[in-house]
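Report on the structure
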Amino acid sequence: MTAAIEVRDIVKKFGDFTAVDHINFTVQAGEIFGLLGPNGAGKSTLIRMMVTLLPPTSGTVLINGFDVTKQSDDVRRSIGVIPQAMTSDLELSVEENLLIFAKLYGVPRDTRTRLIRELLEAVELTQWADKPVKNLSGGMRRRVEIARGLVHEPRVFFLDEPTTGLDPVSRTAVWTMLQRIKSQRDLTVLITTHYMDEADKLADRIAIVDHGKLVALDTPRALKASIPGRAADTVTLDDVFVHYTGHDLRDALQAPSAMDSPFVMRR
Amino acid sequence: MHRALAIVERELRRFRRSPMLIVMSMIFPLLQLIVLGYAFGGNVKHLKLAVVDQDHGVPAVRIRELAGAVSAGARTLDIIEYVDPGEALSDLRNGVVNGVLEIPPDFSRRALTDQQPRVALISDNTDTFVSATLAGTVNSLVGAFNAPVTVQRVESVATLDVVEVYPYVPYIQYLLPGSITMSIFMMVMIGGGIIFIDDKARGLHEGYLVTPITKLELVAGFNISGTIKAVLAGAVITVLGSLIAGVPNPLDPIRLLRMLLVISLTSFALISLMFLLMVRVTDPLLPRATFGVLNTVLYFPSGAVYPQAGFPGWMQAIAVVDPFTYAVHAFKSLLLKNTGFGAIGYDLLFLTLFSAIAMTAATALFKRTL
C-alpha cells in the first residue's frame, strides 16, 4: 500500500516553545487515522502543518507524495480540509458555498454541477440547498463543510475535531455520513477528536500525542491490549488515553484569540 | 485568475445579501453633505448690534439711519439703541449683543470740519465669522457715509469688476466631491476592512488558505470586489448628492462616465490602502478604532471643506500624499467646472500609482500561512 501521508521527524517551535517535537508516522492510503491528545498537545499544530497552513520548523511532511513546503499547491489540490472552526460563509446558501469552493479548485463546470448534486445528496442537504447557512443548525453546517471539503474529489481528507460542539444525534449523523462517503470514494481520512467512542469505532489506527510528542500509535484493539494488568475487553479508549497522557489537568496560558474580541459576531 | 474571480463572486454574493451595508456607507456622507452644506453655506443674518450715539448730531443720525437701512434690507443687523456705553459693553461681554457701534461725542463736529471723524466697532472676536461679518457690514456702512453726494459721471479712481467664470456655487455643491470620496471610503472600511478582519478572526480565511489560491489571486479578489462595492456607493451618492445639491445637469452622461472612471480609480486606491493597513491585523477592534482617526486624517486635509492654501505646513504635507486630495480635486473639476480629463491628468496619475504601490506592498506583506 502506498502512503497517503508521511510525517518524518517533524518539529514546530514558536520561539522557545516546542509545540511538535520530532513526530514520525505514516498513514496508508484508504485508512481512517485518528489523532488523539489532551488540549494543547500539539494536534492542531500538527494538522495545520500537514495542510500547509503552518510551515514546519524542521522535518518533512509528504501528502500523496508532495512535500508540503516545496510543493504546497500540489498538496492543496489533493486534500480536503475541515478546520476546527466553522468556516462556511453564513450569508451564502448551502449550494453557493459548494459552488465557490468548486471554482476555487478549478472544477470544470459540468463536473461541478454533478458533484455538487451528489454531495448534497450524500450529506442529506438537498432540500436545504438554497437556504443560507446561517439558518442551519450546527450539525447541518458541519455537513455543509464536509461536502465543501469534498467538492474537488480530494484523495486525503483532514478533519480537525469535526463533531466538537454537536449534540449526540448530530455527531452520529456526521460520522455515519463520513463512513458512507468514504466507502464510496477512494479516500484517506485523518481526524482529530476528543470523543474516544468515535475514534474507537471508526479509526483503523490511532496516534496519541502529548506535549508535542507521539506517545502511542496502533490499532484501537492493540492499544487497549497494551494497558498492563487488565484484560483488553475491559479496557476503554479513555483508559488508554489516561494511561498514555496522565491524570494531570493541562492548565496553560495561551495566546489571546481574536475570537475573544467582543466585536466578533457569534452565530 | 479564475480563483480571483471566485473570490470576487463570493464577496459580491455576500454583499447582495447585505443591502444595509450600502445604505450605511451613504447615510453619513449624505447627512454630512446636507447638514454641513446648509450650516456653513448661508449668510449670517440678524446679528445684534448695540448702537451708542453719544453725539446726536446730523452726521451721527445719518450713521444710525444707514445702520437701520441695513437692518431693514439685508437684515444682517438687528439694531438695539443704548444710552449707556458701559451697559452696552457689559451686554457684549455677556453675549446679549454681538457688537457695539459707538459714535463718540465729537463725531459730528469732526465730520463737518473734515477732521477725521471716527466711529468704533467693539466686537466679540471669540466668533471670527460673526466678528468678520460685523466688521465688513459696518465698514460698508461707513463707506456709504463717506460716498460723495454728487456721483461723477465718469469715475476718476480705479474700480474692480469681479467676473465669475462659473455659475454661483453654493457651499453644499463645494462639499459634494468630499462627500463622494467619503462614501467610497466608508464602503471600503466597512465592506472591506472591518468585514475582512472579522472573517479572519472567525477563521474563515483558513478555509481559503488551504485551497490552491495564490497570494496575488486572494489579494486581487478582495481588492476587486471591494472596488466594485465602493464604485456602487460612489456612483449612487454622485447622482443623489448632485440632485440634492442642485448641480446643473446632474445626469449629463459624458460627465457621469468621467465621474465613473474617477470613482473607480479612487475606489481601487482606497481599497488598496485599506488592505495595506489591515493585511497583518487580526484584532477586530483595530479597524473600528482606526476608522474615525483615518477618516479625519484623510478627509479634512484633502481640501474637501476648506481650501488647502489656508492650512499649516504639516497639514499641507499630509495633503500631498493623501489620495483623498486628488480624488476631491478631480471630482471638483468634473462636477463644478465640467472639465475633461485634461484638467485632472495629474490626479488620475497619482491615484493609479498610489494603487499600484499599495497593492504591491499589501501582496508582499500578505501571509500565505497562519
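Here the structure is a predicted model, which means the values were calculated and not measured.

Moving on to the nonpolar core. Core analysis: the largest hydrophobic core is formed by 139 residues, its most contacted members being Met50, Ala147, Val151 and Phe158 of chain A. Ranked by residues supplied to this core, first place goes to helix H7 (residues 171–202) of chain B with 17 residues. Discounting chain neighbours no more than four positions away, the residues touching Phe158 of chain A are Ile47, Met50, Val51, Ile79, Val81, Ile82 and Leu190 of chain A. The next biggest cluster of nonpolar side chains, apart from the first, holds 20 residues, and it includes Ala50, Val97, Leu101 and Phe107 of chain B.

A word on the sheet that holds strand S1 (residues 47–53) of chain B. Residue and element names in this part refer to chain B. Pairing in this open sheet of four strands is mixed, and the strands run S2-S1-S3-S4 from one edge to the other. Edge strands, defined here as strands with exactly one partner in the open sheet, are strand S2 (77–82) and strand S4 (120–123). Taken pair by pair, the neighbouring strands of this sheet meet at an average axis angle of 25 degrees, ignoring direction. Relative to strand S3 (residues 99–103), S1 runs parallel, the two being bridged by five bridges. Bridged to Val51 within S3 is Leu101.

We now examine the domain arrangement of chain B. Partitioning chain B into structural domains gives domain 1 (2–39 + 170–365) and domain 2 (44–146). Spacing between the C-alpha centres of domain 1 of chain B and domain 2 of chain B amounts to 50 Å.

Another point: unusual backbone geometry. Residue and element names in this part refer to chain A. Even without being glycine, Asp9 reaches a positive phi, approximately 50 degrees. Residues other than glycine seldom take positive phi values, yet Glu124 does so here, at roughly 60 degrees. Relative to the elements of secondary structure, Glu124 occurs in the loop between helix H4 (109–122) and helix H5 (138–149). Note on Glu124: 14 C-beta atoms within 10 Å, which makes it partly exposed.

What counts as what
- Residues numbered from 1 in each chain as written.
- Chains lettered and ligands numbered in written order.
- Predicted model: local features only at pLDDT ≥ 70, side-chain atom pairs only at ≥ 80, totals over all residues.
- Core = buried A, V, L, I, M, F, W, Y, C linked by C-beta atoms within 7 Å.
- Buried ≥ 20, exposed ≤ 12 C-beta atoms within 10 Å, placed from the backbone.
- Helix = DSSP H or I, 4+ residues; strand = E, 2+ residues; numbered from the N terminus.
- Contact = placed C-beta atoms within 7 Å.
- Pairing = 2+ DSSP bridges.
- Axes fitted to C-alpha atoms, helices over the stretch in contact; angles between N-to-C directions.
- Domains from an automatic or database assignment.

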